[in-house]
Amino acid sequence: MSYAERYLELGLRLGKHVEGLVDAYYGPAELQQQVEAEERIDTATLAGDADALLGELEDGWLRDQVRGCATYAHVLAGDDISYEDEVEGCYGVRPAKTPVSVYEEVHAELDELLPGEGSLYERRQAWRDQHLVDGEVVVPVLDEVLPVLRERTGALVPLPDGEQVTVEPVTDEPWWAFNYYLGDLRSRVVLNLDTPTTGAELVHLGTHEVYPRHHTEHAVKEQRLLRERGEIEEGIQLVPTPQAVLSEGIAETGGEIVLDSDARAAVYAILAREGIHLDPELTERVTKTLERLRTVGVDAALMLNADGTSHEEAQAYIERWSLATPEQARQSVRFNTDPTWRAYGITYSAGRDLCRSFVGGDPARFRRLLTEPDRVGDLLATL
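In this report, the structure presented in the accompanying data block is examined. (Residues numbered from 1 in each chain as written. Predicted model: local features only at pLDDT ≥ 70, side-chain atom pairs only at ≥ 80, totals over all residues. Heavy atoms only, no water.)

Remarks on the nonpolar core
No. 1: Tyr 7, Tyr 91, Leu 191 and Tyr 344 are the most contacted members of the largest nonpolar core, which totals 90 residues.
No. 2: With nine residues, helix α8 (residues 138-156) is the largest single contributor of residues to this core.
No. 3: Formed by 23 residues, the second largest nonpolar core is a distinct cluster that contains Leu 114, Val 296, Ala 314 and Ala 329. (Core = buried A, V, L, I, M, F, W, Y, C linked by side-chain atoms within 4.5 Å. Buried < 20%, exposed > 50% of the residue type's maximum accessible area, 1.4 Å probe, protein only. Helix = DSSP H or I, 4+ residues; strand = E, 2+ residues; numbered from the N terminus.)

If you want it as structure tokens, here you go:
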């Protein structure tokens, strides 16, 4: 059995222990059928299997992924691994708290940007409330936005024939939106209606989950790497691996590449037809400034999983520095304590910083991220 096949087996076997651990599988069907027919293998044995495979692999992309699986298998087996080591072992980047002075600077900038009266929190919420999209039309509006994003993405990288996306609403989930990549160049994207969404955030979700990001990356790589090159290791997407860092980094930066002024005008016109009128310049400035608060979630995850902070204290921290509502903060706590997702938060901010630094505004470099299996370590070297 090849190293790639052993990796796929390992990921599928781990997935039988934790729902959602296998984000997507579209590799050889016979391997999946074999694992599904097996009795569930205990986590200690899987940790040993992962270590054995890790020891046989040369340095490279596949070894990075197996190291993530091995780390997670040892966590599942109850081994004594610190939260920081868990995150670094899975993702190749080590979490650290951001000084609150950074958030104080962001708050000072927002204080200058956000109009109106009252506290910064009140003006932040008033700004959001002013631009919220009614839950009943969130999916229809996104369905209108996606063709604009698809056209701009297709000009950047050829999309494989037959790729397609469906968008559906859901409730009662720990995340805001999710791309279920189904294989065969298809995605099912779901939006959590429990999380109120502004017009600007809806555009961001469209670029993040579909074009030019998660759906685009998975479909393009399935076509180029798996179908054309036969690299079957690309046929699985696992939550606790470095692959997720680059995937989220691509998702967090792609909009900067495809949304030029004409594209933004087009999507803002769609929002305007639903009564959501945005000041493009101010919206972009506020959005970019708020982006620097994304690491609050990493801080909260460290507090909850490493420091033993209570849910109530972590929620208060998130509310204060993210300028979040109690409901949003509770959702963040839920995400950062979910067994599948508790280490995942770092992928957004770390992935964004790595990919943004690597791309540097160059569409050709972004195209490479969409089409080749790059490594976290290689991108770290560009910082």
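Some details on unusual backbone geometry
No. 1: Here the residue pair Tyr 211 and Pro 212 is connected by a cis peptide bond, since its omega of 10 degrees sits within 30 degrees of zero.
No. 2: Residue placement: Pro 212 occurs in the loop between α9 (199-209) and α10 (214-228).
No. 3: The phi dihedral of Asp 172 is positive, around 55 degrees, even though this residue is not glycine.
No. 4: Structurally, the position occupied by Asp 172 is in the loop between β2 (164-170) and β3 (177-183).
No. 5: The exposure class assigned to Asp 172 is exposed, which follows from its relative accessible area of 53%.
No. 6: If you check the backbone angles, Leu 185 has positive phi at about 70 degrees while not being a glycine.
No. 7: When you line up the elements, Leu 185 lands in the loop between β3 and β4 (186-192).

As for empty space enclosed by the protein
No. 1: For the structure on display, the rule yields three cavities of 30 Å³ or more.
No. 2: Put simply, the largest cavity is a space of about 60 Å³.
No. 3: What lines the largest cavity is simply Trp 61, Glu 217, Lys 221, Glu 234, Gln 243, Leu 246, Ser 247, Glu 372, Pro 373 and Asp 374.
No. 4: Of all the elements in the fold, those that place two or more residues in the lining of the largest cavity are α10 and α11 (242-258). (1 Å grid on protein atoms, 1.4 Å probe; cavity = no way out; pocket = protein on both sides within 12 Å on 5 of 7 lines; lining within 4 Å. Points joined across faces, edges and corners; volume = space filled by probe spheres on them.)

What to know about the packing of aromatic side chains
No. 1: Using the criterion set out here, one finds eight aromatic pairs in the structure.
No. 2: Ring geometry for Tyr 103 against Trp 321: centres 6.1 Å apart, planes inclined by 35 degrees, an arrangement best described as tilted. Of this pair, Tyr 103 sits in helix α6 (residues 100-113) while Trp 321 sits in helix α15 (residues 311-322); the two residues are 218 residues apart in sequence, bridging distant segments of the chain.
No. 3: Given the relative accessible area of 0%, Tyr 103 is considered buried.
No. 4: On the basis of relative accessibility, which here comes to 6%, the residue Trp 321 falls in the buried class.
No. 5: Centroid distance Phe 178 to Tyr 180: 4.8 Å. Interplanar angle 45 degrees. Geometry classified as tilted.
No. 6: Relative accessible area serves as the criterion here: at 10%, Phe 178 is assigned to the buried category.
No. 7: Looking at Tyr 180, the relative accessible area reads 28%, which means it is partly exposed.
No. 8: The structure contains a cluster of three or more aromatic residues connected by ring pairs, namely Tyr 91, Phe 178, Tyr 180, Phe 335, Trp 341, Tyr 344 and Tyr 348.
No. 9: Of note, Arg 294 hangs over the ring of Tyr 348, and the distance from its end group to the ring centre comes to 4.5 Å.
No. 10: For the cation-ring pair, Arg 365 lies above Phe 358, with the distance from its terminal atom to the ring centre recorded as 4.6 Å. (Phe/Tyr/Trp six-rings, centres within 6.5 Å; stacked < 30°, edge-to-face > 60°. Lys NZ or Arg CZ within 6 Å of the ring centre and 35° of its normal.)

Considering the sheet that holds β3
No. 1: Across the sheet, which stays open at both edges, the three strands sit in the order β2-β4-β3 with mixed pairing between neighbours. In this open sheet, the two strands that pair with only one neighbour each are β2 and β3. Across this sheet, the average inter-strand angle for adjacent strands is 20 degrees, counted without regard to direction.
No. 2: With seven bridges connecting them, β2 and β4 associate as parallel partners. Paired with Val 170 across the strands is Asn 192, a residue of β4.
No. 3: Lying on the sheet, α10 is in contact with β2, β3 and β4; it crosses β3 at an angle near 15 degrees. (Pairing = 2+ DSSP bridges. Axes fitted to C-alpha atoms, helices over the stretch in contact; angles between N-to-C directions. Contact = heavy atoms within 4.5 Å.)

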